[in-house]
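Here is how the chains run, residue by residue.
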Protein chains: 2
Amino acid sequence: MTYHDHHIHPLGYAALVGGLDLMDARDLDDVLARVAAHAEKVTGPVIAQRLNDEGLREGRLPTATDLDPVTGDRPVLAHRYCGHIAVANTAALKLAGVDATTPDPPGGSFDRLPDGTPTGILRETAVGAVTSALAPLVPPPGDTEILDAFKQLTSMGIGSVTGIVSVGEPLWCGVADELGALMRLAPDLPIGMDVLVITQDPAALAAARETLERAGGPVGFRGLKIFADGSLGGHTAALHQPYADRRDTRGVLRLDAARDLSLAEAALEIGGTVAIHAIGDRAVDEVLDLFTELIHRGAPSHRLRMEHASLLTDQAVERMAELGIVASVQPAFLPSEATWLEKRLGPERMGTAYRFRSLLEAGVRVIGGSDAPVELPDPETGIAAAVHRHGINPGEAVTRSQAEALFLPPS
Amino acid sequence: MTYHDHHIHPLGYAALVGGLDLMDARDLDDVLARVAAHAEKVTGPVIAQRLNDEGLREGRLPTATDLDPVTGDRPVLAHRYCGHIAVANTAALKLAGVDATTPDPPGGSFDRLPDGTPTGILRETAVGAVTSALAPLVPPPGDTEILDAFKQLTSMGIGSVTGIVSVGEPLWCGVADELGALMRLAPDLPIGMDVLVITQDPAALAAARETLERAGGPVGFRGLKIFADGSLGGHTAALHQPYADRRDTRGVLRLDAARDLSLAEAALEIGGTVAIHAIGDRAVDEVLDLFTELIHRGAPSHRLRMEHASLLTDQAVERMAELGIVASVQPAFLPSEATWLEKRLGPERMGTAYRFRSLLEAGVRVIGGSDAPVELPDPETGIAAAVHRHGINPGEAVTRSQAEALFLPPS
């Protein structure tokens, strides 16, 4: 069997392989010790990945105040493992020019003290304000390091991937020019790679397509990737009703219907697929509205993909089947979220989570990915999780062969 | 559920909807009567489709000698339903300049009397010699007729298709300029359509891609379609051992490894998929060799597709899984071939036929199509056939939901 990872951030994964992974840190002291040790090994800003507050004894994210004593004037940015939240120390905030007077960017926010001072916790698009300042100073992983990471994928039985690559603002920090790195390495790539491009600029998308088509090697343009919301872990996935453990928020809807409709049409026009990240039930419904409008305007339904599709009402499942759009799911989220998902959602909404079986039974085309570096990329993890469910909404378990089929090549 | 037909000849299907369908003719007299009646209704050459000698009482194809008395000087071309064989009357042969002195074209042959006179039966590329002479004289189906045919597809639950379209020499006659017709109608198309282009010319392929990208509407370029062999019905599928009912032939291998390797590389270079028709076990093995070489040279395995993959040894199934290529199958072939397949293959080889279950169990990505106008395009026919098998190699039956999944959208 040769697997395909339908949703992976290849350069983010390469940065993780050679970088600082905080996933199994025990508590805040452990986080600080690892950051300090890593700072000794690298030059420039210290970038950490897969920070997981739910796995820390304290059950909370660190703030700049926690980080500053061990990091001093070295800028530090620790990405939460969902990729939608990060924590900056004071040196990093300063470098990015973020202070009490900085307004929240559209589609994101800085956590603040009562006097407006940023705590260092950055949500959604606010992460970008700091990554863009730090990225030029971070020595990117070397080409050998990146290729080694891709070779690791082949050893997991992965023959090809749908790789998500950003242009302009880097998504994960670490590789400032993701597309450029990919282009340089394309002829030597040990795996096939169709590329979904993260951008909000139709001209940049068209340019990325031209670039990818000149790449050589097993690399090709696949389409556009945009975001309708954030993550459940970070309380930024857009819900219809407030979070059970934070009644003050329903998450962050990042979709802008007018802008994203014309962006999607630009992608379709150049032969691209449109993949939209939607995790919360509210984001899912908004994306279904957008897809309905696109199909009404003549878009081919099979080139519309919803990424994650984590919380689905019965009606959403039905609409996906009727529209004929594709559901791109990440079963490896289940073991990661098993200990805290019900806290976020409360018991009633657990029945809407990760409805793989319902999607298949409704006749939706479902494909599987790891979302690495959010999760590790071994397809076996995702396959096992789709079968075993780790206690999350167990009626939605699928058979082993259904789970394997999620990770077969696209066509 | 919204279906995708992964292998359909959309313009051939449109020509069938408005044209002469001989599939259920009882005997040669019935064929002749239908041809004569259709000749009254149309101007120019008379084109018939889905001629099925296995369904005729006489169990043989008509020849020019049979056709001439009822058709006189009107050129007639009746396509066998497999699309790989056709019968021309004397007027059609004359128009095409085919006579006893005409040599067989590469990859095809004219059936002949002992003195070399063509009988009218044309095999593989020899069909093209007559279609290219007749096509300019055949009034193409009108735009409304073509759009009506596509609307019929939506009424069968089909939301999108992978459409196979020829450039240059028309495959089915009836629509001389398939790509041109598609371009004209693209903005009004009621279904999404990814296009696989039949050509042997890299420049024509690149030009077709440019054309398709300007098409507008839900139409996009998908890649290249070429042929490694013919059909089992017509004794032209390439077998390792002779046909059981014609010990003098092992079929016609149409693959030219050097030419097709460079053609495939040209398709991959412009972001295309490479889809190769392979029905017989010998053609399958040759295509697997070609795909192995392409992957060795760095091709992305998930953009390599084998069309039909009808006769597979255990080793071929394993190789497909290992290589990570895609199997594109047509379950509706089973009911059509149920009465005669064992005659062609003999009992031993029946175990290699249409191994849908083995492919799925080996972890091959399998997709389903109708091959319309070869078969009718209702996905329900294919789904039922994949489950019920019509007596062909019944151990390879799949479940209803596995069968439905074959016809889900690509991604």
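So, how was this worked out
Residues numbered from 1 in each chain as written. Chains lettered and ligands numbered in written order. Predicted model: local features only at pLDDT ≥ 70, side-chain atom pairs only at ≥ 80, totals over all residues. Heavy atoms only, no water. Phe/Tyr/Trp six-rings, centres within 6.5 Å; stacked < 30°, edge-to-face > 60°. Helix = DSSP H or I, 4+ residues; strand = E, 2+ residues; numbered from the N terminus. Buried < 20%, exposed > 50% of the residue type's maximum accessible area, 1.4 Å probe, protein only. Salt bridge = Lys/Arg side-chain N within 4 Å of Asp/Glu carboxyl O. Pairing = 2+ DSSP bridges. Axes fitted to C-alpha atoms, helices over the stretch in contact; angles between N-to-C directions. Contact = heavy atoms within 4.5 Å. Buried area = accessible area lost by both parts, 1.4 Å probe. Polar contact = N/O pair within 3.5 Å; in protein donor to acceptor, adjacent residues only side chain to side chain. Nonpolar A, V, L, I, M, F, W, Y, C, P; charged D, E, K, R; others polar. Arc of directions from axis to C-beta. Least-squares fit on C-alpha atoms with pLDDT ≥ 70 in both.

Colleague: Explanation requested: the packing of aromatic side chains in the structure shown.
Modeller: In this description, an aromatic ring pair is defined by two values, namely the gap between the centres and the angle between the planes. All names here are of chain B. Taken as a whole, this structure holds four aromatic pairs over all chains when the rule is applied. Here the aromatic rings of phenylalanine 333 and tyrosine 354 are separated by 6.4 Å at their centres, their planes lie at 80 degrees, and the arrangement is edge-to-face. In this pair, phenylalanine 333 sits in helix 12 (residues 333–337) while tyrosine 354 sits in the loop between helix 13 (341–349) and helix 14 (356–362), placing the two residues 21 residues apart along the sequence. In this pair, the class of phenylalanine 333 matches that of tyrosine 354, namely buried. Relative to phenylalanine 356, the ring of tyrosine 354 lies with its centre 6.1 Å away and its plane at 55 degrees, an arrangement referred to as tilted.

Colleague: It is not clear to me how the pattern of salt bridges should be interpreted in this structure. Could you clarify?
Modeller: Any two side chains of opposite charge can pair, so long as their charged atoms come close to each other. If you walk through the whole model with that rule in mind, you get 60 salt bridges over all chains. As a salt-bridge pair, Arg246(A) and Asp248(A) come within 3.1 Å of each other at their nearest N and O atoms. Arg246(A) gets classed as partly exposed once you look at its relative accessible area, which sits at 29%. Given a relative accessible area of 62%, Asp248(A) falls into the exposed group. The closest approach of N and O atoms between Lys343(B) and Glu54(B), which form a salt bridge, is 3.1 Å. Taken together, the residues span a long stretch of sequence, with Lys343(B) in helix 13 and Glu54(B) in the loop between strand 3 (46–51) and helix 3 (64–71) at a distance of 289 residues.

Colleague: Help me understand the sheet that holds strand 11 (residues 273–278) of chain A, please; the structure alone is not making it clear to me.
Modeller: Each strand in a sheet pairs with another by means of backbone hydrogen bonds, the pair being arranged parallel or else antiparallel. Residues and elements named next belong to chain A. Judged by pairing direction, the sheet is parallel, and its eight strands sit side by side in the order 1-8-9-10-11-12-13-14 without closing on themselves. Of all strands in the sheet, those with a lone pairing partner are strand 1 (3–8) and strand 14 (365–368), marking the two edges. Pairwise comparison of adjacent strand axes, ignoring direction, gives a mean angle of 25 degrees for this sheet. Strand direction decides the pairing type here: strand 12 (residues 304–308) and strand 13 (residues 326–329), joined by three bridges, are parallel. For methionine 306, the partnering residue across the bridge sits in strand 13 and is alanine 327. Here helix 9 (residues 257–269) sits on the sheet and contacts strand 10 (219–227), strand 11 and strand 12; the angle it forms with strand 10, its principal contact strand, is near 170 degrees.

Colleague: I keep staring at the interface of chain A and chain B and nothing clicks. Help me out?
Modeller: Accessible area lost during the coming together of the parts is what is often quoted as the interface size. Contact residues are listed per partner, giving 38 residues for chain A and 38 residues for chain B. At the boundary of chain A with chain B, total buried surface from both sides reaches about 2600 Å², with 48% on carbon and sulfur atoms. If you sort the residues of chain A by the area they bury against chain B, His302(A), Arg365(A) and Ser411(A) come out on top, with a joint share of 27%. Linking chain A with chain B are four salt bridges. Arg209(A) is the partner of Glu213(B) in a salt bridge, and the nearest nitrogen-oxygen pair spans 2.6 Å. Summed over the shared surface of chain A and chain B, the number is 16 residue pairs in polar contact (both at pLDDT 80 or more). Elements with a contribution of two residues or more to the side of chain A that touches chain B: strand 1, strand 8 (158–166), strand 9 (192–198), helix 8 (202–213), strand 10, helix 11 (314–323) and strand 14 of chain A. Residues of the side of chain A that touches chain B, tallied by class, amount to 15 nonpolar, 14 polar and nine charged.

Colleague: Looking at this model, I keep getting lost on helix 15 (residues 379–388) of chain B. Mind explaining?
Modeller: Residue pairs three or four apart in sequence face the same way in an α-helix, which turns once every 3.6 residues. Residues and elements named next belong to chain B. Of the positions making up helix 15, those classed as buried are Pro379, Gly382, Ile383, Ala385 and Ala386. Take helix 15 and look down its axis: the buried residues cluster within an arc of 165 degrees, on one side only. The inward-facing, buried residues of helix 15 abut strand 1 (3–8), strand 8 (158–166), helix 12, helix 14 and helix 16 (400–406). Taking the backbone nitrogen of glutamate 380 as reference, a side-chain oxygen 3.0 Å away marks aspartate 378 as the first, capping residue of helix 15.

Colleague: In this structure, what is going on with the sheet that holds strand 6 (residues 108–112) of chain A? I would like to understand it.
Modeller: Residue and element names in this part refer to chain A. Taken in spatial order, the six strands of this open sheet run 2-3-4-5-7-6, and their pairing is mixed. Each edge of the open sheet carries a strand with a single partner, namely strand 2 (20–21) and strand 6. Where strand 6 and strand 7 (residues 118–124) come together, four bridges link them in antiparallel fashion. Residue pairing across strands places glycine 108 opposite glutamate 124, the latter belonging to strand 7.

Colleague: I tried to follow the relation of the copies chain A and chain B on my own but got confused; where do I start?
Modeller: For the pair chain A and chain B, the relating rotation is 180 degrees, the translation along its axis is 0.0 Å, and the fit reaches an RMSD of 0.0 Å. Expressed as an axis order, the relation between the two copies is that of a two-fold axis. Closest approach to the rotation axis among the C-alpha atoms of chain A is made by Ser411(A), whose C-alpha sits 2.7 Å away. Taken as a fraction of all interface residues of chain A, those also at the interface in chain B reach 100%, which identifies the copy contact as same-surface.

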